[in-house]
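The chain contents come next:
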Amino acid sequence: MSREVQRPPYVASPPPVIDIDIGRQLFVDDFLIEESTLHRTFHAATYHPASPVLVPSQSWERDDPYSRMTGTPPSAAAMVFSDGVFYDPADRLFKMWYMGGYQQHTALAVSSDGIEWRRPALHVVPGTNVVKRHHRDSSTVWLDHDDPDARARYKMASYEFASKAMHLYVSSNGVDWSGGDVAGPCGDRSTMFRNPFRNVWVFSLRHDLPGTLQRVRHYVESPHFASTRWTAESPLPWTGADAADIQRADYATAPQLYNLDAAPYESVMLGLFTIYRGEAGDREKPNDLCVGFSRDGFHWSRERREPFIAVSERRGDWNWANVQSAGGCCTVVGDELYFYVSGRQGVPGTQMPGVCSTGLATLRRDGFASLSDTWPVAMPRAISTRPPSATTRPLRFSGRHLFVNATAGGSLRVEVLDRAGRVIEPFSAARCVPVSGNGTKLPVHWNGAESLAAIVGQEVRFRFLLTDARLFAFWVSSTPSGRSRGFAAAGGPGFARGRDAD
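Residues numbered from 1 in each chain as written. Predicted model: local features only at pLDDT ≥ 70, side-chain atom pairs only at ≥ 80, totals over all residues. Heavy atoms only, no water.

J.: Before we go on, may I ask you to explain the overall build of the chain in this structure?
T.: Regarding its fold elements, the chain presents two helices and 31 strands. On the principal axes, the C-alpha backbone points of the chain span a range of 75 × 50 × 45 Å. When each of the 502 residues of the chain is scored for burial, the buried share is 61%. Considering only contacts within the chain whose residues lie at least 6 apart along the sequence, 64% involve residues at least 24 apart. As displayed, the chain offers around 19,200 Å² of accessible surface, 52% of which is attributable to carbon and sulfur atoms. Here the chain carries 54 positive and 53 negative side-chain charges, and the mean point of each set is 1 Å from the other. (Helix = DSSP H or I, 4+ residues; strand = E, 2+ residues; numbered from the N terminus. Buried < 20%, exposed > 50% of the residue type's maximum accessible area, 1.4 Å probe, protein only. Contact = heavy atoms within 4.5 Å. Areas by Shrake-Rupley, 256 points an atom, 1.4 Å probe, with all protein chains shown as cover. Lys, Arg positive; Asp, Glu negative; His and termini not counted. Charge placed at Lys NZ, Arg CZ, Asp CG, Glu CD.)

J.: Is there a simple way to explain the layout of surface pockets in this structure?
T.: Unfilled space is identified by rolling a water-sized probe across the atoms. Of the pockets and cavities examined, the largest pocket occupies roughly 560 Å³. Around the largest pocket, the lining is made up of 27 residues, and of these Glu4, Gln6, Thr239, Asp242 and Trp300 lie nearest the centre. Only α1 (9-12) and β17 (236-239) provide two or more residues apiece to the lining of the largest pocket. When the residues that make up the lining of the largest pocket are grouped by side-chain class, the tally is eleven nonpolar, seven polar and nine charged. Empty space within the second largest pocket amounts to approximately 440 Å³. Along the walls of the second largest pocket sit 22 residues, with Tyr102, Gln103, Lys285, Arg344 and Pro353 positioned nearest its centre. Counted by class, the lining of the second largest pocket contains nine nonpolar, three polar and ten charged residues. (1 Å grid on protein atoms, 1.4 Å probe; cavity = no way out; pocket = protein on both sides within 12 Å on 5 of 7 lines; lining within 4 Å. Points joined across faces, edges and corners; volume = space filled by probe spheres on them. Nonpolar A, V, L, I, M, F, W, Y, C, P; charged D, E, K, R; others polar.)

J.: Looking at this model, I keep getting lost on the nonpolar core. Mind explaining?
T.: Soluble globular proteins: nonpolar side chains tend toward being buried together. Membership of the largest hydrophobic core comes to 75 residues, with the highest contact counts inside it found for Phe203, Leu270, Phe308, Ile309, Phe339 and Phe368. If one sorts the elements of this core by residue count, strand β19 (residues 268-276) sits on top with six residues. The next biggest cluster of nonpolar side chains, apart from the first, holds 37 residues, and it includes Phe27, Val404, Leu412 and Val416. (Core = buried A, V, L, I, M, F, W, Y, C linked by side-chain atoms within 4.5 Å.)

J.: Got a minute to help me understand the sheet that holds strand β16 (residues 215-222) in this structure?
T.: Ordered by their spatial adjacency, four strands build an open sheet running β14-β15-β16-β17, and the pairing between neighbours is antiparallel. Taken across any chain shown, the strands that pair with only one partner, and hence form the sheet edges, are β14 (191-195) and β17. The sheet shows a mean angle of 40° between the axes of neighbouring strands, direction not considered. Both β14 and strand β15 (residues 200-208) contribute to a ladder of five bridges, which runs antiparallel. Across the sheet, the residue bridging to Arg194 is Trp201, located in β15. (Pairing = 2+ DSSP bridges. Axes fitted to C-alpha atoms, helices over the stretch in contact; angles between N-to-C directions.)

J.: I'm lost on the environment of Tyr251 in this one. Help?
T.: By the secondary structure assignment, Tyr251 is in the loop between β17 and β18 (256-266). Considered as a pair, Tyr251 and Trp446 are 195 residues apart in the sequence and their alpha carbons are 56 Å apart.

J.: For this particular structure, what's the right way to read the sheet that holds strand β9 (residues 130-133)?
T.: Strand pairing in a sheet takes place through backbone hydrogen bonds and is either antiparallel or parallel in direction. Reading across the sheet, the eight strands line up as β9-β8-β7-β6-β10-β11-β12-β13 and stay open at both edges, with mixed pairing between neighbours. With one partner strand each, in any of the chains shown, β9 and β13 (178-185) form the two edges of the open sheet. Strand-to-strand twist in this sheet, taken as the mean axis angle between neighbours without regard to direction, amounts to 20°. Note that strand β11 (residues 154-160) and strand β12 (residues 165-171) share seven bridges and pair antiparallel. Across the sheet, Ser158 pairs through a bridge with His167, a residue of β12.

J.: Just checking my understanding: could you explain the pairing of β13 for this structure?
T.: Side chains on a regular strand alternate between the two faces of the sheet. Bridge count between β12 and β13: six bridges; the pairing is antiparallel. When the sheet's bridge partners are listed, Val170 is paired in β13 with Ser178. Connecting β12 to the next strand, β13, in antiparallel fashion are six residues, including Gly174 with a positive phi near 80°.

J.: What exactly am I supposed to notice about the packing of aromatic side chains here?
T.: Working definition: an aromatic ring pair is given by the centre-to-centre distance plus the angle between the planes. Across all of its chains, the model carries 31 aromatic pairs by this definition. Ring centres of Phe27 and Phe464 lie 6.5 Å apart, and the angle between their planes is 85°; this geometry places the pair in the edge-to-face category. Taken together, the residues Phe27 in the loop between β2 (25-26) and β3 (33-36) and Phe464 in strand β30 (residues 460-477) connect sequence positions 437 residues apart. Its relative accessible area of 1% is what places Phe27 among the buried residues. A relative accessible area of 0% means that Phe464 is categorised as buried. (Phe/Tyr/Trp six-rings, centres within 6.5 Å; stacked < 30°, edge-to-face > 60°.)

J.: What is the right way to read the side chain of Arg24 from this model?
T.: Mapped onto the elements, Arg24 comes out in the loop between β1 (18-19) and β2. Side-chain polar atoms of Arg24 contact the backbone oxygen of Thr440, separated by 2.8 Å. When neighbours within four sequence positions are excluded, Arg24 is seen to be in contact with Glu266, Ser267, Arg365, Asp366, Asn405, Thr440, Lys441, Ala473, Phe474, Trp475 and Ser484. (Polar contact = N/O pair within 3.5 Å; in protein donor to acceptor, adjacent residues only side chain to side chain.)

J.: Sorry if this is basic, but what is going on with the pairing of strand β21 (residues 322-325) here?
T.: Of the two faces of β21, the one carrying Asn322 and Gln324 and the one carrying Val323 and Ser325 are both buried. Pairing analysis gives four bridges linking β21 to strand β23 (residues 336-344), with the strands arranged antiparallel. The residue of β23 that forms the bridge with Ser325 is Val341.

J.: Just to check I follow, could you spell out unusual backbone geometry for this structure?
T.: Leave glycine aside and you will find that most residues have negative phi; peptide bonds, for their part, are mostly trans. Across the junction of Ser51 and Pro52, the peptide omega takes the value -5°, indicating a cis bond. In this structure, Pro52 sits in the loop between β5 (46-47) and α2 (65-70). Here Glu425 and Pro426 are connected by a cis peptide whose omega angle stands at 5°. Here Pro426 shows up in the loop between β28 (401-418) and β29 (435-443). With phi around 55°, Arg92 is a residue other than glycine that occupies positive phi space. Note that Arg92 resides in the loop between β6 (78-88) and β7 (93-100). Note on Arg92: relative accessible area 66%, which makes it exposed.

Below, the structure is given as C-alpha cells:
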C-alpha cells in the first residue's frame, strides 16, 4: 500500500499486438498509443439542472432513530450509497435502489427517462417502496444479465451493522430478496461489482491501515457470487490514495480512498474513486469523486486527479457536504452518460449529514478523455515535422467498419499502416474521406475500399490526423450499424443485455 504513484504493468509492458474486438477504444491512458503529437485532455462530468432528482419526502425516508437516541439533528435520506442504478431492458425502466431513511432500509424507485423518478407501492413493507428492511451502511445491487438462473437475476451485497460483515442476497425481481449469508468481515463502506472481462465478482472492501484511520481498499474476487466467502486474513491489499491525489488547501489533510465502485464500460473497467480530503468541525467531510480506468480490473490508471464529480462549495446546496457514487457507475442514454451520485446537504457548524439526496451528472458518451491538435497556450507543443497525429500500437480486429467519436470543425483523417509503419493502400490519408462535424458514432471511409475486409486479422496500426478536431474514441464494428460489442456499464435504452451488440 505505497503512496507512490503506480503505473499499470500492461501500460509499462504492453502486449506485442492488442486485440480491439471488444468495445470502443478510449484514450484514458497510454496503452493504445505508440506515438503522438496531440494533446490529451481529461473532461469532468457536469450536474444536470434537474439535480437532485430524488429527495427524501416520505415518512420512512425522514426516519432517523440515531437522532432520536442522541438528540442530534435528524438526517433524512433518499440517496444511493452505493446501491445501484441500472436500466432494466425487460421492463424498459431505469431502476434505482437507494438508502431510504438514514442507515435504515433499501428502497426502489423507477423512471422511464432517468430524470423523473417515482416510488412504486410494494408489498415488502405495505404502503412503501422499501424492498429490504435492515440496519445498513453501504450496499450494492447489481443487475446480472449473464446468470442462467432467473431467480438470481439481481444480486445484493450489503454491509450490516449487527454482524459488521457483508451479507449476500439474490432476487428474481429486485424486490423480494433471499439468502443473506455472511460472505466475510469488512469495514462499513464496502461494495462489489462484476468484472466480465475475467468473469469474476469483485468485493471492494474498506480497510484501515493498522493503528490509524487511514482508509485503503482490500480485494476479494470469486467466479461465483452467492458462495463467496472470506476470513479477516484473506483479502488482498489493493489500492488507496497516493502522492498525486490533491490536498485541499483549507484542510491540509493527506487524501484517503473512501470507496471504489467500478463497472465495465466499453473496453475498460471504469472506476469511481471517492476521495476523502479531510473533515472540519463545521462541515461534514466534503468527499468528491475522481475517475480511474483499468484493463484487468485490479491495476488502475488515474491520469486525472481533479474531481470528476465535485462537491459544491456553496452552503445550502444539496451536495455541499459529500458526494459519492452509485453501483453500476453510469447508464448510457443516447449520446450521454448518466452518473447518479449521493449528495449530502450538511448542517453548517456541525459534522452532521443533513438532508441526503440523489443527484445526476452527465458526460458525453466516451467523453472521459480526448486527443486534440489544439494545445493549451501555457503548455509547450510536441515538435514534429508531420501534421498533428497519433499512431497506435499494433492492433488486430475481426470487424470491417471503422468508427470514431469526434468533433471536427476542420477534419479528421485516418490511415492504416502495417507493423513496420508503411501505409497499406487504399487506406491512406489521401484517400480517406475527411470526417467533419460532431458525433459519437461517425463512420470512416476511404475512396477505393468498401470496408476494412482486406486487412481483417492482420497486424496493423491506425494513424489519426487531426485539423481543428478532437478525438474521443475509435472502434472497428462487425456491421455498418456501428455496434461496438462493448459493455454499457449499467445499461441503457437500446442495450438488450448491457452490451452494445445487435
